[in-house]
Amino acid sequence: MRDVTSISGDEIVAERASRSRSCPHCSGSEALLPPIDLANRLALRPTEAARVLGVSERTIRTMLPDLPHFRYGNVVLIPVEELRRWAVERSRITGDRIESAVREILSKASADDE
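Residues numbered from 1 in each chain as written. Predicted model: local features only at pLDDT ≥ 70, side-chain atom pairs only at ≥ 80, totals over all residues. Heavy atoms only, no water.

## Things to note about the overall build of the protein
Piece 1. A tally of helices and strands in the protein yields four helices and three strands.
Piece 2. The order of α-helices and β-strands along the protein, N terminus first, is α-β-α-α-β-β-α.
Piece 3. Per-residue burial for the protein yields a buried fraction of 15% across its 114 residues.
Piece 4. The contacts in the protein between residues at least 6 apart in sequence include a share of 34% that link residues at least 24 apart.
Piece 5. As presented, the protein carries roughly 9100 Å² of accessible surface, and 55% of it is formed by carbon and sulfur atoms. (Helix = DSSP H or I, 4+ residues; strand = E, 2+ residues; numbered from the N terminus. Buried < 20%, exposed > 50% of the residue type's maximum accessible area, 1.4 Å probe, protein only. Contact = heavy atoms within 4.5 Å. Areas by Shrake-Rupley, 256 points an atom, 1.4 Å probe, with all protein chains shown as cover.)

## Some points on the environment of arginine 61
Piece 1. Assignment of secondary structure puts arginine 61 in helix H3 (residues 57-63).
Piece 2. Distance from arginine 61 to valine 76, taken between C-alpha atoms, is 10.0 Å for residues 15 residues apart in sequence.

## Here's the deal with the pairing of strand S3 (residues 75-79)
Piece 1. In the sheet, strand S1 (residues 43-44) pairs with S3 via two bridges, with the strands oriented antiparallel. Bridge pairing links leucine 44 to isoleucine 78 in S3.
Piece 2. Here strand S2 (residues 70-72) runs beside S3; their pairing, made up of three bridges, is antiparallel. When the sheet's bridge partners are listed, phenylalanine 70 is paired in S3 with leucine 77.
Piece 3. Linking S2 back to S3 in an antiparallel pair, the connection comprises two residues, with glycine 73 at a positive phi of about 70°. (Pairing = 2+ DSSP bridges.)

## Looking at the pattern of salt bridges
Piece 1. Following the criterion strictly, the structure yields three salt bridges and no others.
Piece 2. A salt bridge links glutamate 48 to arginine 41; its shortest N-O distance comes to 2.8 Å. (Salt bridge = Lys/Arg side-chain N within 4 Å of Asp/Glu carboxyl O.)

## Notes on the sheet that holds S2
Piece 1. One open sheet accounts for three strands, arranged S1-S3-S2; its pairing is antiparallel. Every other strand in the sheet has two partners, leaving S1 and S2 as the edge strands with one partner each.

## Re the nonpolar core
Piece 1. Among the nonpolar cores identified, the biggest contains 11 residues, and these are Leu44, Ala49, Ala50, Ile60, Leu64, Leu67, Val76, Ile78, Val80, Leu83 and Trp86.
Piece 2. Of all the elements in the fold, those that place two or more residues in this core are helix H2 (46-53), S3 and helix H4 (80-113).
Piece 3. Among all residues touching valine 76, those that are not within four sequence positions of it are Leu44, Arg45, Pro46, Leu64, His69, Phe70 and Arg71. (Core = buried A, V, L, I, M, F, W, Y, C linked by side-chain atoms within 4.5 Å.)

## Some words on H2
Piece 1. For H2, the set of buried residues is Pro46, Glu48, Ala49 and Ala50.
Piece 2. The positive-phi residue at the C-terminal boundary of H2 is glycine 54, with phi of around 75°.

See the structure below:
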């Protein structure tokens, strides 16, 4: 066993760097993971869906009841096309809410001017 008092600061930094490259949960490691080829995939695992959406796996698992998904035994799969439709629909809903809020603010502002 190696004496820990003989480990240099540079060795500690190198060890931490090598750990962060191999751990998908460490910051900055996403760039080192291979890209996901969505064109040839029917479904994604939650970890892959998290990478595609740019959120953590914990966030995906929190969102799972709202996401289109199915289970096959212990495996959770999220269909790619349904995930795309879900994301587009969510962005439309958000856009509609913003547009509605802007209209309401503008109508109140014009009513106040009169």
